[in-house]
Structures are given as structure tokens and as C-alpha cells.
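Per-entry structural report
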Amino acid sequence: MIQNVGSHLRRGFASVFSSRTSRKSIPRAEDEGAMAEGEGYRNPTEVQMSQLVLPCHTNQRGELSIGQLLKWIDTTACLSAERHAGCPCVTASMDDIYFEHTISVGQVVNVKAKVNRAFNSSMEVGIQVTSEDLCSEKQWSVCKALATFVAHRELSKVKLKQVIPRTEEEKTEHGVAAERRRMRLVYADTIKDLLARCAIQDDLDSKDYSYMVPAEKTRVESVELVLPPHANHQGNTFGGQIMAWMENVATIAASRLCRAHPTLKAIEMFHFRGPSHVGDRLVFKAIVNNAFKHSMEVGVCVEAYRQEAETQRRHINSAFMTFVVLDADDQPRKLPWIQPQPGEGERRYREASARKKIRLDRKYIVSCKQAEVPLSVPWDPSNQVYLSYNNVSSLKMLVAKDNWTLSSEISQVRLYTLEEDKFLSFHLEMVVHVDAAQAFLLLSDLHRRPEWDKHYRSVELVQQVDEDDAIYHVISPVLGGDTKPRDFVILASRRKPCDNGDPYVLAMRSVTLPTHRETQEYQRGEILCSGFCLWREADQLTKVSYYNQATPGLLNYVTTNVAGLSSEFYTTFQACEHFLLDNRNDLAPSLQTL
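Values in this document were obtained by computation on a predicted structure and should not be read as measured data.

Considering the overall build of the protein
- Within the protein, the secondary structure is distributed over 11 helices and 26 strands.
- Classification of the 594 residues of the protein by burial places 54% in the buried group.
- In the protein, once contacts between residues fewer than 6 apart in sequence are set aside, the share between residues at least 24 apart is 72%.
- Carbon and sulfur atoms form 50% of the exposed surface of the protein, whose accessible area is close to 26800 Å².

Written out as C-alpha cells, the structure reads:
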């Protein structure tokens, strides 16, 4: 079951299973609820805002100011959060935003927000922004954003009700939201760890100093007095207003480097560390940290103080913004280099280089569509968090698909198939009389996988990345028409349930390591997405589901063994059931130490 079997097989393979049994859709109670709503179903937390872009909303280029857009985004998301919470909410953070399209005067901005998932007192709100030309009826995607809001009540502790996803999209976002929350909680530590472990090349000596701008010339400091129009209905400074002010000073700093009108392309996470109120003075500081060939990073921080206690400043927010300068053909222009000040300036310079690498890794791994990501992504400390995220989220997205087809059922083991976007996926499901936590420990111990899965001949732990992630080198025996054994370098990511009703997750995907390159002894195999989800049905009763998204690597094996493939799946899965039953009282010592 390690193999991802032939994504090019398509319909010929599916017909083999359909001849065994009639096709049925997986029964889902949630789907029945969604169907009952009919085509008019709308998420109860969804809020939509449409705004006509007027001259007062634009910047010096006649385009919608990103600061104004951030205000609209934050307002719409806050209304969605409060619709779900039933009480006031405040912005806690906003994830990275990549702007794909500019918006001109006369066009319409459509902002749609809905709550993806609620936790104890916080919730993730997903936002989609599109622009619309009323004359031509054309529409463009502008950006997507994810914001975290926290609910507040004056006299009682908040315990948010759970979001019940109904559509496939809602189920996907609901499942992946827990993994995104995990990334946010370790965000600061992740950045520090990556900066400490990633060597950043010191290239200052190789640059042309005649084309350099001292960083201090780009420094900007501005102060704003928070007035009642800047506050929300709770008396706190409106988060969107703070973000708009931040974008304003960052644009000034960027302009001082390029001596032109820069375009904001990306914002790294906003994180609000505390509130500010009417009467506070907000100090905004911005400086260009580093300039690359066609882009620059501007760092912005916000401090708050009261007039009577100016020396007691509170850090409110910080962010890093990436700007480019576009020519007449909308192509990025070459920028001057930045000359950092010794000491603190050089630290910011090198950290900006590290963040650029991290940002590119994150965008490459997290933002790409499943079909665009190569099977084996090179693993290194700079992308380990995002590879782990992609590993788990890919499996959860596969689980959320609602068009699985039941192909056959033998001895209460069900086999489902899914043909979609050039991929052929498999899903096996059974219920075992074993505690879910114990089954999770046993299946997560890949060293014991050869005890029940004949496709695993040996398993070597290459690296224990952290408590929940590890990299293994797996050797598989000769199968089908192969002439030599296959080997795999696999990232295995374990996740315990975030809330009641969530599954235990073990996700696996291929990675590339310089210490384990392909050799003549083995034929390198690859896994795009596979793993287990375990649901607690009752005490000592667990639903075990295995998922595998096919890749072209074993096409010959599949085509020559298609008639017996389903029986092989059943045989392996039944061996898994016997393994779990025989070892349900084990302590799984190799995992207890993780």
C-alpha cells in the first residue's frame, strides 16, 4: 500500500471495479443536509460587500489603494466573525496576502468572507476578493486572505459553537484550518528557528556601491492620533485602519529607494499584539530592509502610547511588505541595491534575505495547486514547516472530496475510487475493535509496517524532524514487472485531533534529501499523497480509512495486475486489521519517547 498506482489508467481501471459491483456514492449525512437546502444553500456566516472604487479610494497611480482594500477586507471579515459568534470580535492576525491584480477607478470590488472553522474563542475567516468591470462584465481575482478573529464578551467567557461544513469546499477549509492554526501558533518560533539554521550569503562586497542607496535614507516615522472615526464599535482602533496606515508609511519608504511609485505585491502576516484605543497616539516606523533585483522588503512596526505617558510605548503590530516597480508594460523594473547600516541594519538585511527564501518556499509549496507541485520536493530547514503543512492538508483535502465511488465491498472492507484532474485515488475503509489512540500509535510506528504490509520490506528512520514529523527511507520488494526493488524517501506527519469529531491523521509524501539520492541498487518510487485517518466511533471502536493518490510511477505494475489489484488491497488491509487487534494492548514504546 506504499505505492501510488498509475494516474494515467483512468477509465479502463475504473471499469474493472464497476463490473464487480454497482457504483454507489458514499453516504454522508452532511450532504443530505446540504441537498435539503437545495441550490439556494448559503453559508450562514457568509458576508458579502461590494464597493465602487471612487477617486477618493485611489493612490497616486489612479488604482485602488491597498490600504483602503485592507479596510474593506477587515470590515467584511469582522462582520462574518460576529455573525457566527453573536458578540463583538477583534482582529488577532491576518495571514500572508498576495495581490494578483490591481483595481482601477470605476471598477467594483467584491469582498466575500465566511468562517471556515471555530475553535474555543478564536475562529478562522476566509476572504475572497474579486474586481469587476461593469462595462465589459469581466471579473478578476485580486487576492485571498485568511484572518483570525477573537470573540470577546464583557461578563462571560466565550465558547464558540462549532461550524458545521456542508459543501465539499467547506469541508476542505474546515479540515485544513486546524493545520493552518497550528502553523500560526508556532509562527514566531518558526521564523527564529529558520533564521538561526539557514545560512544567508553575505553578498554586500560583490555589489556595485555606485548603485546603492543607504537604508537610512528610506526610514519613515509618522504619528497618528486615534479619533472616534478610527475606532470600531468596541472603542478599539479598527484593525483595518491600522493596516491602512502601515501600508501608507511602507509605500513612502519604498518610494524613497526607487524614486518612483511602487506597487505592493505581498504582505507577510499581520499579528496584533494588543489593542489601542481612542486618544492613543500610534507611531509608525518603516524602513527598506533589503532590495533584490526586482523587489524590495519594507519592515513596518506600530507602537502606541498615551499623551501623558509617552515613554511607555506598547508594541501593537508589525509586518513585512514586498514592493515592486512596474514599467509601462507592467513588467518589474530593476531596483537599486540597499546599503544597510552596520549592526542592526545588517541584521535586518540578512533576515530579509532569509524571509525571501522562506516566502518563496511557502508560496511554492502551500499556494500551488496539487497538480503543480512536483512529487518529491527538496526538504531543508527553511521549508520543513510548509512541507509538513502541505503533507497534512493534501490528505485532508482528499478526504473531503464528496464524489468518491464505492467500487466493491468484501468482509466489511469497502474500496472506493476517485478519478479527478488526471489523478486516480483509492480509499479503503473498515471498522476495528481497537481504541483510536492505540490504533494511531501502532500505525504511526512505521518500523512495524513490514509486520502487516508486504510492500514494506524495511524501514529506516532518517531524521526525527520534530515531535510530529519524521523522514523515513523505505525499501519495497520487487513487484509486478519491476527488475529491482523500489525505495522511497517519505515525510510522515502525525496529527492528533484538534476537536471532538476530528480524526487522527498520519499523512505521507515523498521528499528529496541530498543524503539519500537515487542509486543503481533501487528504482526510486514517489508518493504524492497517502495516509490514514482514524475516527473514534465509540470506546474501543475505530473507523480506519486509508487514502492513496495515484502517481505514474507504477503504471506498468497496475496495468499488468489490474484484475488482482482489488483483492491485493483487501488482503493488505485485512492484515492491517489483524495487526491492530493482535497489538491493541501494546504500549508502542518507540512512539512513547517521541
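Let us keep going from here.
Looking at helix H9 (residues 436-444)
- Burial runs high along H9: 8 of the 9 residues are buried.
- For H9, the N-terminal capping position is held by Asp435, with its side-chain oxygen 3.1 Å away from the main-chain nitrogen of Ala437.

What to know about the environment of Ser545
- Mapping Ser545 onto the fold places it in strand S26 (residues 541-549).
- Residue Ser545 is classed as buried on the basis of its relative accessible area of 1%.
- For the pair Ser545 and Trp535, spaced 10 residues apart in sequence, the C-alpha to C-alpha distance is 8.4 Å.
- Excluding residues within four positions of it along the chain, Ser545 makes contact with His427, Leu428, Glu429, Gly531, Phe532, Cys533 and Trp535.
- Of the polar contacts made by the side chain of Ser545, one reaches the side chain of His427; its length is 3.4 Å.

Describing the pattern of salt bridges
- Using the criterion set out here, one finds 28 salt bridges in the structure.
- The partner of Arg180 in a salt bridge is Glu173, with the nearest N and O atoms 2.7 Å apart.
- Its relative accessible area of 9% is what places Arg180 among the buried residues.
- Residue Arg347 pairs with Glu344 through a salt bridge whose shortest N-O separation is 2.2 Å. Separated by 3 residues within a single helix, Arg347 and Glu344 lie in helix H7 (residues 344-367), roughly one turn from each other.
- Residue Arg347 is classed as partly exposed on the basis of its relative accessible area of 36%.
- By sharing partners, the salt bridges in this structure join Asp95, Glu124, Glu173, Arg180 and Arg184 into a single network.

Remarks on the packing of aromatic side chains
- This structure, assessed with the given rule, holds 6 aromatic pairs.
- Centre to centre, the rings of Phe426 and Phe569 are 5.2 Å apart; their planes meet at 55°, and the pair counts as tilted. Here Phe426 is found in strand S19 (residues 423-432), whereas its partner Phe569 is found in helix H10 (residues 555-582), with 143 residues between them in sequence. Phe569 matches Phe426 in its accessibility class, with the two residues each being buried.
- Both rings, one in Phe440 and one in Tyr504, keep their centres 4.9 Å apart while their planes meet at 35°; by these two values the pair is tilted. Of the two residues, Phe440 sits in helix H9 while Tyr504 sits in strand S23 (residues 504-512), which places them 64 residues apart along the sequence. No difference in accessibility class separates Phe440 from Tyr504, as the two residues are buried.
- One aromatic cluster in this structure is built from Trp452, Phe532 and Tyr546.
- Its end group placed over the ring of Phe119, Arg181 keeps NZ or CZ at 4.5 Å from the ring centre.
- Just above the ring of Phe320 sits the side chain of Arg355; from NZ or CZ to the centre is 3.6 Å.

Brief notes about the sheet that holds strand S5 (residues 108-118)
- Pairing within the open sheet is antiparallel, and its 6 strands lie in the order S2-S5-S6-S7-S3-S11. The open sheet has two free edges, formed respectively by strand S2 (47-52) and strand S11 (270-271), since each of these has just one partner strand.
- Of the strand pairs in this sheet, strand S3 (residues 89-94) and strand S7 (residues 139-151) are connected by 5 bridges, and their pairing is antiparallel. Each residue of the ladder has a partner; that of Met94, found in S7, is Ala147.

So, the side chain of Asp499
- Locating Asp499 in the fold gives a position in the loop between strand S22 (486-495) and S23.
- Residues within four places of Asp499 in sequence aside, it is in contact with Arg117, Ala118, Phe119 and Gln162.

Looking at the confidence of the model for the protein
- On average, residues of the protein score 84 in pLDDT, and 83% of them are at 70 or above.
- Every residue in residues 3-38 is under pLDDT 50, and counting partners more than four places away or in other chains gives 87 contacts.
- The low-confidence segment residues 553-563 (pLDDT under 50) makes 24 contacts with residues lying over four places distant or belonging to another chain.

Topic: the environment of Val223
- One can find Val223 in strand S9 (residues 220-225).
- Overall, Val223 belongs to the partly exposed group, its relative accessible area being 48%.
- Measuring from C-alpha to C-alpha, the distance between Val223 and Arg281 comes to 6.6 Å, with 58 residues separating the pair along the chain.
- Setting aside its immediate chain neighbours within four residues, Val223 contacts Arg281, Leu282, Val283 and Tyr305.

Regarding the sheet that holds strand S4 (residues 97-98)
- If you trace the 6 strands from one edge of the open sheet to the other, you get S4-S10-S14-S13-S12-S9, paired in antiparallel fashion. Edge positions in the open sheet fall to S4 and S9, since each of these has one partner strand only.
- Running over the sheet, helix H6 (residues 239-258) touches S9, strand S10 (263-267), strand S12 (281-291), strand S13 (296-306) and strand S14 (309-324) and is turned about 40° from S12.

Some words on the side chain of Thr91
- Looking at the element boundaries, Thr91 is found in strand S3.
- Exposure remark for Thr91: the relative accessible area of 14% places this residue in the buried category.
- Side chain to side chain, Thr91 and Asp74 meet in a polar contact 2.8 Å long.
- Setting aside anything within four residues of it in sequence, one finds Thr91 in contact with Asp74, Thr148, Phe149 and Phe272.

Examining the packing of helix H3 (residues 66-85) against H6
- Between H3 and H6, whose axes approach to 8 Å, the crossing angle comes to 165°. By the angle between their axes, H3 is roughly antiparallel relative to H6. Once H3 is placed against H6, the crossing between them reads as right-handed. Residues Ile66, Gly67, Leu70, Lys71 and Asp74 of H3 touch H6, and the partners they reach there are Gly239, Gly240, Gln241, Met243, Ala244 and Glu247.
- A class-by-class count of the residues in the contact of H3 with H6 yields 4 nonpolar, 4 polar and 3 charged.

Conventions and cut-offs
- Residues numbered from 1 in each chain as written.
- Predicted model: local features only at pLDDT ≥ 70, side-chain atom pairs only at ≥ 80, totals over all residues.
- Heavy atoms only, no water.
- Helix = DSSP H or I, 4+ residues; strand = E, 2+ residues; numbered from the N terminus.
- Buried < 20%, exposed > 50% of the residue type's maximum accessible area, 1.4 Å probe, protein only.
- Contact = heavy atoms within 4.5 Å.
- Areas by Shrake-Rupley, 256 points an atom, 1.4 Å probe, with all protein chains shown as cover.
- Polar contact = N/O pair within 3.5 Å; in protein donor to acceptor, adjacent residues only side chain to side chain.
- Salt bridge = Lys/Arg side-chain N within 4 Å of Asp/Glu carboxyl O.
- Phe/Tyr/Trp six-rings, centres within 6.5 Å; stacked < 30°, edge-to-face > 60°.
- Lys NZ or Arg CZ within 6 Å of the ring centre and 35° of its normal.
- Pairing = 2+ DSSP bridges.
- pLDDT = per-residue confidence, 0-100.
- Axes fitted to C-alpha atoms, helices over the stretch in contact; angles between N-to-C directions.
- Parallel < 35°, antiparallel > 145°, perpendicular 65-115°, else oblique.
- Left-handed = near helix turned anticlockwise from the far one by under 90°.
- Nonpolar A, V, L, I, M, F, W, Y, C, P; charged D, E, K, R; others polar.

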